[in-house]
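Coordinates in review
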Amino acid sequence: MGLLQGKTALITGAARGIGKALALRFAAEGADIAFTDLVIDENGKDTEEEIKALGVKCIAYASNAADYAQTEEVVKKVHEDFGKIDILVNNAGITKDGLMMRMTEGQWDAVINVNLKSAFNFIHAVLPIMMRQKSGSIINMASVVGVHGNAGQANYAASKAGLIALAKSIAQEVGSRGIRANAIAPGFIETAMTAALPDNVREDWVKKIPLRRGGKPEDIAEVAVFLASDMSSYVTGQVIQVDGGMNM
């Protein structure tokens, strides 16, 4: 019997990358999966089928996580389709990097809206459901740059720091209702996005990591299973860095 047997997980931005790895890992542990992405294209449909092949229920929803009204509607639909929501993973995110002197208002707003406001949207919509259930686990996908900052990523770092503070605040607000909220802060993870980086940039990253390698999306998924499951029933308001020791 899987660690998440009988639970329903809602994961944002999960058609590919880390979100997809989380969805597949959760499904392998027995969770039914609802996931969102801006557009459910062939990647999204393939992910949906991969998850279903693991023997669980899975539905993909096209939704703009940064849009409050769309989020209210999609959460309502997920609740109707699955009957409950036990786990929420706020994973949707983008980058629009640039030094502060050159950063545009549009770059700032886009990253804050997709990365941080989307988490507010989903938590706001899901909390009444979890409060009626008197249980729930909320996981915000932050980043090590949300802990120590990063030149050229002021918007991204600020959004990820916000996700950490948001998780801690929600943990304090609804802990008495049996709802937990935590954050995961990945370091350098091997994804399609990082694969596009120049070799010298990648090599410089790896030199800063005591384990001397980048992480895999599956490394994040393992920690997410812990936080989503009853194994972490006394863990809330925490940020777990999964970074190979890069940010000690």
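Each chain carries its own residue numbering, running from 1 in the written order of its sequence. pLDDT decides what is reported in this predicted model: residues at 70 or higher carry local features, side-chain atom pairs at 80 or more are listed and counted, and totals for whole chains, interfaces and linings draw on all residues regardless. Side-chain numbers here rest on the full set of heavy atoms in the structure, without hydrogens or water.

Moving on: the environment of alanine 125. Note on conventions: DSSP H or I runs of at least 4 residues are helices, E runs of at least 2 residues are strands, and numbering of each starts at the N terminus. Mapped onto the elements, alanine 125 comes out in helix 4 (residues 105-133). Taking the C-alpha atoms as reference, alanine 125 lies 28 Å from glutamate 218; in sequence the two are 93 residues apart. Residues are treated as being in contact if the distance between any of their heavy atoms lies within 4.5 Å. Excluding residues that lie within four positions of it along the chain, alanine 125 makes contacts with Thr71, Glu72 and Val75.

Let's shift gears to unusual backbone geometry. A negative phi holds for most residues other than glycine; trans holds for most peptide bonds. Phi angles above zero are rare outside glycine, and lysine 134 is one such case at about 60°. Among the structural elements, lysine 134 can be located in the loop between helix 4 and strand 5 (136-141). Despite not being glycine, arginine 212 has its phi angle at roughly 55°, a positive value. Positionally, arginine 212 belongs in the loop between helix 8 (199-207) and helix 9 (217-228). Only protein chains enter the accessibility calculation, which uses a 1.4 Å probe; a residue whose area is less than 20% of its type maximum is buried, one above 50% is exposed, and one in between is partly exposed. A relative accessible area of 53% places arginine 212 in the exposed class.

For Phe, Tyr and Trp, rings pair up if their centres lie within 6.5 Å, where Trp contributes its six-membered ring, and each pair is then called stacked (planes under 30 degrees apart), edge-to-face (over 60) or tilted (otherwise). A complete count under the given rule lists 2 aromatic pairs for this structure. Ring geometry for tyrosine 68 versus phenylalanine 120: centroids 6.2 Å apart, planes at 25°, classification stacked. On the criterion of sequence distance, the pair formed by tyrosine 68 in helix 3 (residues 68-82) and phenylalanine 120 in helix 4 is long-range, its members being 52 residues apart. The class for tyrosine 68 is partly exposed, based on a relative accessible area of 36%. The exposure class assigned to phenylalanine 120 is partly exposed, which follows from its relative accessible area of 41%. Cation over ring: lysine 57 sits above phenylalanine 82, and NZ or CZ is 4.7 Å from the ring centre. The criterion is that NZ of a Lys, or CZ of an Arg, lies within 6 Å of the ring centre and within 35 degrees of the ring normal, and then a charge sits over that ring.

Further remarks concern the sheet that holds strand 4 (residues 87-90). Taken in spatial order, the 7 strands make up an open sheet running 3-2-1-4-5-6-7, and their pairing is parallel. The strands lining the two open edges of the sheet, one partner per strand, are strand 3 (58-62) and strand 7 (239-242). Across this sheet, the average inter-strand angle for adjacent strands is 15°, counted without regard to direction. When DSSP locates at least two bridges between a pair of strands, those strands are taken to pair. Where strand 4 meets strand 5, 4 bridges bridge the pair, whose relative direction is parallel. Bridged to leucine 88 within strand 5 is isoleucine 138. This element, helix 3, spans strand 1 (8-12), strand 2 (32-37) and strand 3 of the sheet and lies at about 165° to strand 3. All axes here are fitted lines through C-alpha atoms, helices being fitted over the stretch that makes contact, and every angle between N-to-C directions spans 0 to 180 degrees. Along the sheet, helix 4 contacts strand 1, strand 2, strand 4, strand 5 and strand 6 (179-186); its crossing angle with strand 4, the most-contacted strand, is approximately 175°.

Below, the discussion takes up the environment of leucine 24. Looking at where leucine 24 falls in the secondary structure, it is placed in helix 1 (residues 17-28). Residue leucine 24 is classed as partly exposed on the basis of its relative accessible area, which comes to 22%. The spatial distance from the C-alpha of leucine 24 to the C-alpha of alanine 185 is 20 Å, given a sequence separation of 161 residues. Beyond its immediate chain neighbours, meaning those up to four positions away, leucine 24 contacts Glu50, Ile51 and Leu54.

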